[in-house]
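# Architecture and fold: a report
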Amino acid sequence: MKRKLNQDDEPPAAVGVTAEPEKKKEKKEKVVEEEKELSFAELGLDPRLIQAVAKQGFENPTLVQRRAIPLALKGEDVLCKAKTGSGKTAAYVLPVLEGVLGRKKTDTTPYTAGLILVPTRELADQVHKAIEEFSAFCARDVTAAKLTENVSDAVQRSLLANVPDVVVSTPARAWKSVESGALSLDKLKYLVLDEADLVLSYGYDEDMENLSRSLPKGVQTTMMSATLLSAELDTLKGIFCRNPTLLDLNEEFGAEDEKLTQYYVKCGEDDKWLISYLIFKLQLIKGPCLIFVADIDRSYRLKLFFEQFSIRSCILNSELPVNTRIKVIEEFNRGIYDIIIASDERSEVFGDEKEEKEGGEEEGGGEEKKKKNRGERKGKRDEEYGVSRGIDFKNVAAVVNFDLPTSASSYTHRIGRTARAGRTGIAISFVIPKDLYGKHKPTSIKSCERDEKVLAKIVRAQAKMNRKLDPYNFSKEQMEAFRYRMNDALRAVTKVAIREARTRELRQELLRSETLKRYFEENPAELSHLRHDGELGHKARQQAHLKHVPDYLLPKEAKKELTKGSVGFVPFKKLDKDKKHKGKFGGKGKGRSFKVGGGRKGDPLKTFKVRRKK
Ligand SMILES: Nc1ncnc2c1ncn2[C@@H]1O[C@H](COP(=O)(O)OP(=O)(O)OP(=O)(O)O)[C@@H](O)[C@H]1O
């Protein structure tokens with residue numbers, strides 16, 4: 001039986017308190033079932049918004065939408081923790097649009113009623129697009145602007161001179177516009193903080209304080225994130241909310257709802273290069289993949305390393321101009337690239353201080369680390385870059401943590417780029433055991449020194465969300481046959497080659513830059529110098545023999561399958577719990593065994609029933 005939620009109803013979570021646990025459980029399950037049937041229309045939204053939602057193919061609201069939208073429509077402040085990819089954007093955008101539309105029925109004076117703050121420029125772009133989509137059938141009544149483009153102050157001013165109903169921005173840019181008088185928050189009604197924990201972290205605190213002082217009284221505040229620590233919740237409550245309703249939905253996702261399979265691979269520093277080469281060259285994972293590395297140099301290094309084997313990938317990092325970054329994301333979502341190598345610098349900058357405090361295990365030096373990090377953030381890099389938070393990468397088959405992040409919350413956000421909106425996905429993370437750290441200098445990286453400790457935190461944090469990580473072991477024996485190829489490739493990717501690749505990429509961006517187009521028209525000699533430099537640049541030595549995997553390296557059964565041409569994807573798939581195998585890799589692996597490719601036993605690298613990339 002369906003029931004329309006009306007404005008005075010308690011949200012369904014509060015229903016179902018009885019004396020007997022069994023009855024309580026039954027009733028709760030019934031309510032949950034009823035709730036799942038709720039439609040967007042029953043949430044009490046404007047028909048034009050419902051039309052837009054239908055156009056996007058949303059049949060029913062997700063859990064977070066069912067819970068948060070009625071509260072927001074009642075005018076309550078909401079502090080919401082819900083897992084990645086669960087539909088939080090619509091949960092906060094729709095009530096803001098509903099508010100604007102409702103007001104416009106009686107009052108048409110132009111003013112900015114909604115401010116949505118996000119931590120990165122990529123996310124601002126995405127949220128702005130979502131607003132455009134949700135207001136497709138009321139575009140005359142709702143206008144929105146984003147303040148994160150690389151445009152001059154004059155252009156930004158003229159954008160704001162039209163008094164958009166909703167503004168999407170990072171805190172820094174919003175404050176800059178308020179300070180310059182271009183943006184007025186005098187009549188603001190709705191404030192949203194997406195990725196609230198990050199928006200309020202120390203990189204943005206000054207801007208947030210300034211903004212909070214510019215807000216009129218009675219602004220309704222919504223804050224969302226997949227990760228909010230209790231200390232952060234207190235800060236959030238204190239700064240912006242009057243008396244917020246806390247929705248902690250992470251625990252409501254049952255293990256049976258889980259569509260994400262998580263593995264970790266404990267291995268040596270050079271082995272992760274070898275395993276990654278095998279995973280991508282032998283297509284052990286099929287479909288779009290996102291690989292996270294710790295820093296910019298590493299992203300180029302891995303890209304050049306893959307190029308040695310003809311594995312194509314593209315790069316995302318904070319040095320690239322925002323327009324390029326957005327284009328890369330769009331093209332990936334359109335299926336043009338299969339692999340993105342993203343450097344998650346923010347994760348390394350913010351580290352795990354807060355989590356350490358939360359767990360009472362801070363190792364000291366926090367302030368110093370902060371200062372150092374702040375210093376590091378200066379320079380050419382865009383501090384408002386980030387792809388692990390909030391970006392709705394479409395259909396990502398797997399997230400690979402080539403370098404483990406330094407905090408459990410970074411991990412949650414990174415792996416949240418796959419298994420979104422009810423889809424399935426895999427996360428694979430490389431973990432360097434303490435005794436193997438620093439043993440292979442050329443591939444060693446500082447951020448991995450504490451991998452095992454971080455893994456323990458990750459396991460605890462995931463358990464709180466009814467999720468688990470399983471160990472995964474690769475066959476050492478079969479990997480060894482490929483090691484010399486890996487070493488050849490690593491040797492070719494020299495520091496000079498990495499530096500050149502980095503400058504070449506920036507040079508390309510300059511050549512493509514719309515802003516510099518005019519300058520180049522007036523100075524053609526400069527343009528030809530830039531092009532010439534690009535051609536002369538030192539490239540990583542190309543080694544033809546690495547491009548293909550020779551048959552003799554593959555076990556017999558793999559050759560048979562390859563010639564049949566019928567085998568493609570070798571999925572990572574768990575076997576029954578009782579069929580454990582002794583992991584060969586590292587000598588003492590206790591990983592599970594895996595059913596591979598339609599019932600074959602053993603892990604993918606053991607069976608090798610795979611198709612080579614042409
Ligand atoms: N009701 C719905 N039905 C079907 N798909 C939906 C629904 N709501 C949202 N989606 C889709 O789910 C995907 C994830 O949504 P969204 O980006 O809002 O997640 P999120 O919770 O904000 O994730 P993150 O924590 O990573 O920011 C999007 O592709 C969106 O279009």
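Quick notes on the rules
- Residues numbered from 1 in each chain as written.
- Predicted model: local features only at pLDDT ≥ 70, side-chain atom pairs only at ≥ 80, totals over all residues.
- Heavy atoms only, no water.
- Near = heavy atom within 4 Å.
- Polar contact = N/O pair within 3.5 Å; in protein donor to acceptor, adjacent residues only side chain to side chain.
- Areas by Shrake-Rupley, 256 points an atom, 1.4 Å probe, with all protein chains shown as cover.
- UniProt positions renumbered as here; feature names shortened; annotations may be inferred.
- Helix = DSSP H or I, 4+ residues; strand = E, 2+ residues; numbered from the N terminus.
- pLDDT = per-residue confidence, 0-100.
- Contact = heavy atoms within 4.5 Å.
- Buried < 20%, exposed > 50% of the residue type's maximum accessible area, 1.4 Å probe, protein only.
- Pairing = 2+ DSSP bridges.
- Axes fitted to C-alpha atoms, helices over the stretch in contact; angles between N-to-C directions.

### Brief notes about the site of the ligand
The environment of the ligand is formed by 20 residues, the closest being Gly85, Lys88, Thr89, Asp392 and Arg420. Between Thr89 and the ligand, the recorded distance is 2.7 Å, taken from a side-chain N or O atom to an oxygen atom. In this structure, Lys394 approaches the ligand through a side-chain N or O atom, which is 3.2 Å from an oxygen atom. The fraction of the free accessible surface of the ligand (640 Å²) that becomes covered by protein chains is 86%.

### Regarding the UniProt feature "short sequence motif: Q motif" (unreviewed entry) in the protein chain
Taking the UniProt record as the reference, the feature "short sequence motif: Q motif" (unreviewed entry) is found at residues 38–66. Taken as a whole, residues 38–66 contains 45% helix and 0% strand, while its terminal C-alpha atoms sit 8 Å from one another.

### Some points on the confidence of the model for the protein chain
Low-pLDDT stretches of the model should not have their predicted coordinates read in fine detail. Taken over all residues, the pLDDT of the protein chain has a mean of 77, while the share at 70 or more is 69%. Every residue in residues 1–20 is under pLDDT 50, and counting partners more than four places away or in other chains gives 31 contacts. Here residues 558–614 is a poorly scored stretch, pLDDT under 50, and it has 140 contacts once near neighbours within four places are set aside; other chains count. In the predicted assembly, ipTM is 0.99 and pTM is 0.78.

### So, the pairing of strand β6 (residues 220–225)
The side chains of a regular strand alternate, first on one face of the sheet and then on the other. By the criterion of burial, β6 is predominantly enclosed, with six of the six residues buried. Note that strand β1 (residues 78–81) and β6 share four bridges and pair parallel. Among the inter-strand pairings, Cys80 is bridged to a residue of β6, identified as Met224. As paired elements, strand β5 (residues 190–194) and β6 share five bridges and run parallel to each other. Bridging across to β6, Val192 finds its partner in Thr222.

### Some thoughts on the environment of Leu43
By secondary structure assignment, the location of Leu43 is in the loop between α1 (21–36) and α2 (47–55). As for Leu43 and Thr261, which are separated by 218 residues in sequence, their C-alpha atoms are 33 Å apart.

### Points about the sheet that holds strand β7 (residues 245–248)
Within the open sheet, the seven strands sit side by side as β3-β4-β2-β5-β6-β1-β7. Their pairing is parallel. Looking at strand neighbours, the two that pair on one side only are β3 (144–146) and β7, the edges of this open sheet. Sheet twist, expressed as the mean angle between neighbouring strand axes with direction ignored, is 10°. Note: β3 against strand β4 (residues 166–169), three bridges, orientation parallel. Its bridge partner lying in β4, Lys146 is registered against Val168. Contacts from helix α10 (residues 230–239) reach β1, β5, β6 and β7 within the one sheet, and its direction differs from that of β1 by about 160°.

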